[in-house]
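Each chain, written out:
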Amino acid sequence: MSAAIGHFDNPIPVYLLTGFLGSGKTTLLNRMLLADGPRTAVIVNEFGDVAIDNDLFKVDGTASDLIETSNGCICCEPGNDIVSTLARLSAAIDNGDVSAVDRVLIETTGLADPAPIINQMLIASSYSIAGRFFALASVITTLDAVKGKETVEERILAHKQLAFADRVALTKADMLTQAQADRREALMALVARINPAARVFDIQDPLAQPESLLEHGIYAPDGRSMDVIGWLKAESPLSKAFGAKDVSQWLPGNRHSDVYTKSMVLDGSVTSRQVTSFLDILMRAAGNRLLRLKGLLSLADDPDRPYLIHIVQGTFHPPQRLERWPSEDRRTRLVIIADGIDEMALESFLQVLKPKRVRKAETAAPDTKSEH
Ligand SMILES: Nc1nc2c(ncn2[C@@H]2O[C@H](COP(=O)(O)OP(=O)(O)OP(=O)(O)O)[C@@H](O)[C@H]2O)c(=O)[nH]1
């Protein structure tokens, strides 16, 4: 194996980027990768079967050299685990399908539990080839300055994402109004309580250099990582912190229990009126149960310039009109992550966006109708 691919004494550093749904992972990722920076393999783990983040990387034109999108959750889907994914990357480098990389950056889904991923990486280092040639360098989590406190307090996954990070990237601080300044203090107090050792980095700070988040951290293979293994096993303090709530929500097998994803792909364009009323009704009806909506829309007024829309836990971020489609795929795509919304109701509501067609049955003569 060539030295450029990494070897046991000098493994390729792997950075894990976590953070709750919509907290700004993709945005940060695009800012961390510099055009003249080290060669970086980017692995994006999507929750849902329509890949949108993949296209967003291209829109923002980052320096990432490899994009591998894996469907299914990297923390709990057999065969899709982090070690298998790294083994595939290693094989691709060996075969010459991908040229050697200096580091790997993994963006997990917003619903990934970081503990099993970190565990897999640390445990694999002693038994698997991938585990020996790659090493977990650092875990970075994005924390939304506006919604972060409530999210961490209410959701065990967000709590764990914060607890397991060694670097916290505070996002969206620019969205806090003067009157909300105390929110930031309360959030920092929460971070200090849950993870006092974490380095907090405000990505909106004009002096911030997001690429500096990609330096070796406490998970680096320098001997101290053994402490981390012990720490991962000692999850009970986290569970205790949520003792009053329904414990089953984070037991293995029940993970993501009420959360599901709906994706929709549409040929043809939609009108802005259709989209506005669709989003208006959806947001009113679903409220915070609409964890995430991401969409690329072909609008009838200018189908060459798609609209990018984001809703994060009930907040509608200003839509962005892109100058061009990020890939060959010019279809309208929507991914919705819902928490406890009636699935059938959502599915039929999505039909509102379908272009209206005259159904055959409506035009056919009555005597041509089939009886069976
Ligand atoms: N104002 C502001 N908006 C931000 C910031 N970071 C992210 N956003 C916006 O928040 C929305 C979601 O950001 P993403 O980067 O897609 O979040 P994500 O964590 O990758 O989302 P998922 O992949 O769904 O989990 C987008 O509209 C971003 O433009 C920030 O620091 N300030």
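The structure displayed is predicted, hence computed values, not measured ones. Residue numbering note: each chain is counted from 1, following its sequence as written. Two thresholds apply to this predicted model, a pLDDT of at least 70 for residue-level local features and 80 or more for giving and counting side-chain atom pairs, whereas whole-chain, interface and lining totals are computed over all residues.

### Overview of the site of the ligand
Here comes step 1: Residues are classed as near a molecule or strand if the C-beta position derived from their backbone is within 6 Å of it. In the vicinity of the ligand lie 22 residues, with G24, T26, T27, G110 and H317 positioned nearest.
Here comes step 2: Each of domain 1 (3-250) and domain 2 (259-353) contributes no fewer than three residues to the shell around the ligand. Domain start and end points were adopted from an automatic or database domain assignment.

### Let's talk about the pairing of strand β5 (residues 134-144)
Here comes step 1: Where burial is concerned, most of β5 is hidden: eleven out of the eleven residues are buried.
Here comes step 2: Relative to strand β6 (residues 167-171), β5 runs parallel, the two sharing five bridges. From the neighbouring strand, L143 faces β6, where its bridge partner is L170. To assign burial, the other C-beta atoms lying within 10 Å of each residue's own C-beta are counted, with C-beta atoms placed from the backbone; 20 or more indicates buried, 12 or fewer indicates exposed, and intermediate counts indicate partly exposed. Numbering of helices and strands runs from the N terminus, with a helix taken as a DSSP run of H or I at least four residues long and a strand as a DSSP run of E at least two residues long. When DSSP finds at least two bridges between two strands, those strands are taken to pair.

### Concerning the nonpolar core
Here comes step 1: Each nonpolar core reported here comprises buried Ala, Val, Leu, Ile, Met, Phe, Trp, Tyr and Cys residues connected via C-beta atoms within 7 Å. Core analysis: the largest hydrophobic core is formed by 70 residues, its most contacted members being V14 and V104.
Here comes step 2: A per-element tally of this core places β5 first, with seven residues.
Here comes step 3: Here this core spans two domains, since at least three of its residues come from each of domain 1 (3-250) and domain 2 (259-353).

### A look at the environment of N30
Here comes step 1: Following the sequence through the fold, N30 ends up in helix α1 (residues 25-32).
Here comes step 2: Judged by C-beta crowding, with 18 C-beta atoms within 10 Å, N30 ranks as partly exposed.

### Section: helix α4 (residues 114-124)
Here comes step 1: The complete set of buried residues in α4 reads P114, I117, I118, Q120, M121 and A124. With its buried residues spanning 155 degrees around the axis, α4 presents them on a single face. In this description, the arc belongs to the directions extending from the helix axis to the C-beta atoms.

### Topic: the pairing of strand β10 (residues 307-312)
Here comes step 1: Direction of pairing for strand β9 (residues 290-297) relative to β10: antiparallel, over a ladder of six bridges. Bridge pairing in β10 links R292 to V312.
Here comes step 2: One ladder, built from five bridges, connects β10 with strand β11 (residues 315-321); its direction is antiparallel. By the bridge assignment, Y307 is partnered in β11 with R321.
Here comes step 3: Counting the residues in the hairpin turn of β10 and β11 gives two residues, including Q313, whose phi is positive at 45 degrees.

Any functional reading would require information beyond the geometric quantities listed.
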